[in-house]
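# Structural characterization, general
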Amino acid sequence: MESEGLHVNIDYVGSSGVVLSTEQKAALQSSLVILKNNYKFARVLFWGKILGVKNDYFIVQGIGKDDLKEKKSLYSQDCIHWGMLPVVTARMRNECSFVKGRFTGDPSYEYEHTEAVKMSNQDAEKAEGGEEENTILIKEEDRLATVIEAIDYDVRIVPRGAYIRTATGSVLQNRCFEGLSVADGGKLSSYFHFRDPVIFMKKSLLQKAELDKAIDFVDPIDTDVPKGGSWSIQFERGSGLVTLRSLHWLGFSFYHVPGTRKYGSVYVGTGNKNLDLPFML
């Protein structure tokens, strides 16, 4: 969700239970302008809030020239002072996958995970069982960065045509985008995952020939698994607002005003994926 006009745009997802206090809106409006200038971002997006046991994390993302590749995440607990989250590595993803439950709200908190490691033949002869325990310390700050990356990969979406890919491969906002029609706004196929394409690469040459390479360069959400059961879509205010909610990441909401350039998304939740979805359908 664009930081400019945040105090107005946040009302579009009010039906999903996303609410910011007057103090939080005022603090965000001023601090994000300073943050944008200090880090030289082209745009700043309000990503959402992850609820912790003691404190909550407010998340924003700074966007560079390429909207798809140049992105940095920052967090705050008072909407004024912001800290940069670390770049997620494969090792971080692996270690953080062992952590379950709520966030504590303390970025310096360390989770402990104990795993069994096979010993060498010589050491195994001296010890019983042939295994030893190895304790891994995982910082909550690293877990926070990993969860944000996972949510972005799974459910960060945009309307079809909102972005274009240039001949050089850069992804930019489409200045000619005037919004989806009311009819198209009610179709899941009109919304795309804003990530590196996966399913698109697997399409046949005949399927690719029917697509616009400048616009249809990412995956539509109607192919998500379970098919037809990953998203909830509703019209509000008559047909003046369409809202999509993820059933995988409860708390993620996307809105679009048909016939306009207004759209955005926000996540407010505990940062835990709904792994029970296949059993709920």
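Residues numbered from 1 in each chain as written. Predicted model: local features only at pLDDT ≥ 70, side-chain atom pairs only at ≥ 80, totals over all residues. Heavy atoms only, no water.

### Considering empty space enclosed by the protein
Gaps left between atoms are located by rolling a probe of water-molecule size over the structure's atoms. Using the following cut-off: Site definitions follow a grid-based scheme: protein atoms alone, a 1 Å grid, a 1.4 Å probe that fits but cannot get out for cavities, and for pockets an open set with protein on both sides within 12 Å along at least five of seven lines, plus lining residues having an atom within 4 Å of a point. Grid points are joined across faces, edges and corners, and a volume is the space filled by probe spheres set on the points. Residues are sorted three ways: Asp, Glu, Lys and Arg are charged, Ala, Val, Leu, Ile, Met, Phe, Trp, Tyr, Cys and Pro are nonpolar, and all the rest, Gly among them, are polar.
In this structure the tally under the stated criterion is one cavity of 30 Å³ or more. Here the largest cavity is characterised by a volume of approximately 40 Å³. In this structure, the largest cavity is lined by Val-158, Pro-159, Gly-161, Ala-162, Tyr-163, Phe-192, Phe-194, Ile-215, Phe-217 and Val-218. The residue inventory of the lining of the largest cavity, partitioned by class, reads nine nonpolar, one polar and no charged.

### Topic: the nonpolar core
To keep it simple, the criterion reads: What is meant by a nonpolar core is a set of buried Ala, Val, Leu, Ile, Met, Phe, Trp, Tyr and Cys residues, joined one to another through side-chain atoms within 4.5 Å. Note on exposure labels: buried denotes an accessible area under 20% of the residue type's maximum, exposed denotes more than 50%, and partly exposed covers the range between, all computed with a 1.4 Å probe on protein chains only. Helical segments are the DSSP runs of H or I of at least four residues, strand segments are the runs of E of at least two, and each set is numbered from the N terminus. Domains are outlined according to an automatic or database domain assignment. We call two residues in contact when some of their heavy atoms are within 4.5 Å.
The biggest cluster of nonpolar side chains holds 43 residues, and the ones touching the most others in it are Ile-50, Leu-144, Tyr-163, Trp-231 and Leu-244. Among the elements that line this core, the one with the most residues is helix H5 (residues 140-155), at six residues. When residues of this core are assigned to domains, at least three map to each of domain 1 (6-89 + 144-279) and domain 2 (90-143). Beyond its immediate stretch of four places on either side in the chain, Trp-231 contacts Asp-154, Val-155, Ile-157, Leu-188, His-193, Ile-221, Asp-224, Leu-244, Arg-245, Ser-246, Leu-247 and Phe-252. Core analysis: the next-biggest nonpolar cluster, separate from the first, contains 23 residues, Met-1, Leu-32, Phe-41 and Tyr-255 among them.

### Quick notes on the pattern of salt bridges
Here is the rule we go by: Salt bridge, as used here: a side-chain nitrogen of Lys or Arg that lies within 4 Å of a carboxyl oxygen of Asp or Glu.
All told, the structure shown has 12 salt bridges when counted by the stated rule. Here Asp-67 ties to Arg-43 by a salt bridge, and the two come within 2.3 Å at their closest N and O atoms. Residue Asp-67 is found in the loop between strand S2 (57-63) and strand S3 (71-76), and its partner Arg-43 is found in strand S1 (residues 43-50); the two are separated by 24 residues along the sequence. Judged by its relative accessible area of 5%, Asp-67 is buried. As a salt-bridge pair, Lys-187 and Asp-184 come within 3.7 Å of each other at their nearest N and O atoms. Residue Asp-184 is classed as partly exposed on the basis of its relative accessible area of 32%.

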